[in-house]
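The residues making up each chain are set out below.
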Amino acid sequence: MDKYSLRDYYLWKLQGDLVYVLDIDGNIAGVIDIIENNDSLLIDMLARNILVKAEKVGSRLLDFAEYLAKIKGKKLIKLEALDTAIEFYKKMGYKEVYKRFDKEWGLLTVMEKKIEKYVIEPAY
């Protein structure tokens with residue numbers, strides 16, 4: 001989380017991004033920045049705060065993004081992964097689509113996951 005400040009995340013939220021934090025005992029353990037498109041969500045950034053002792057921060061934030069996609073009726077979640085995160089995303093069910101070069105981040109792997117439709121079962 002050291003590349004961007006909390007001010008950056010706040011500014012992105014003002015621009016329309018969906019920015020959520022995982023709070024552990026009053027400390028920000030992780031942040032996820034989501035951009036909503038017509039039929040998909042783009043995870044623009046997922047960051048873990050290494051100064052906060054917490055388990056499964058990334059998977060908890062991804063699970064939340066998938067839940068959000070379901071209740072919003074989205075069919076797909078997309079993201080761009082650094083090489084160090086590809087295996088993590090694969091374990092979470094994301095598939096590699098293609099690679100691209102970014103001036104700021106270098107080689108990125110574009111990944112996506114299909115989201116199953118959210119069905120509310122009747123209580124009777």
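Above this text is the structure in question.
Residues numbered from 1 in each chain as written. Predicted model: local features only at pLDDT ≥ 70, side-chain atom pairs only at ≥ 80, totals over all residues. Heavy atoms only, no water.

Bringing the nonpolar core into the picture now. In this structure, Ile43, Ile77, Tyr89 and Tyr94 are the most contacted members of the largest nonpolar core, which totals 26 residues. Per-element tally for this core: the top contributor is helix H2 (residues 57-71), with six residues. (Core = buried A, V, L, I, M, F, W, Y, C linked by side-chain atoms within 4.5 Å. Buried < 20%, exposed > 50% of the residue type's maximum accessible area, 1.4 Å probe, protein only. Helix = DSSP H or I, 4+ residues; strand = E, 2+ residues; numbered from the N terminus.)

With 15 residues, H2 extends 21 Å between its outermost C-alpha atoms, agreeing within 8% with the 21 Å of an ideal straight helix rising 1.5 Å per residue. Among the residues making up H2, those that are buried are Val57, Gly58, Ser59, Leu61, Leu62, Ala65, Glu66, Leu68 and Ala69. Buried residues in H2 make contact with strand E1 (18-24), strand E2 (27-36), strand E3 (40-48), strand E4 (76-81), helix H3 (86-91) and strand E6 (106-114). Immediately beyond the C-terminal end of H2, within one or two residues, lies Gly73, with a positive phi of roughly 75°. (Expected span 1.5 Å × (residues − 1). Contact = heavy atoms within 4.5 Å.)

Take the sheet that holds E4 next. The mixed open sheet is built from six strands, whose spatial order is E1-E2-E3-E4-E6-E5. Because the sheet does not close on itself, it has two edges, and the strands there are E1 and strand E5 (95-102). Across this sheet, the average inter-strand angle for adjacent strands is 25°, counted without regard to direction. With respect to the sheet, H2 is in contact with E1, E2, E3, E4 and E6, its orientation differing from that of E3 by roughly 160°. (Pairing = 2+ DSSP bridges. Axes fitted to C-alpha atoms, helices over the stretch in contact; angles between N-to-C directions.)

By secondary structure assignment, the location of Ile115 is in the segment after E6. Ile115 sits in the buried class, given a relative accessible area of 11%. In this structure, the C-alpha to C-alpha distance between Ile115 and Tyr67, residues 48 residues apart in sequence, is 9.1 Å. Apart from residues no more than four positions distant in its own chain, Ile115 is found in contact with Glu66, Ala69, Lys70, Lys74, Lys75, Leu76 and Ile77.

As a further point, take the packing of aromatic side chains. Inspection of every chain in the model, using the stated rule, returns three aromatic pairs. Each ring, one from Tyr89 and one from Tyr94, has its centre 6.0 Å from the other, and the planes form 70°; the classification is edge-to-face. Here Tyr89 matches Tyr94 in class, with each residue buried. Taken together through their ring pairs, the aromatic side chains of Phe88, Tyr89 and Tyr94 make up a single cluster. (Phe/Tyr/Trp six-rings, centres within 6.5 Å; stacked < 30°, edge-to-face > 60°.)

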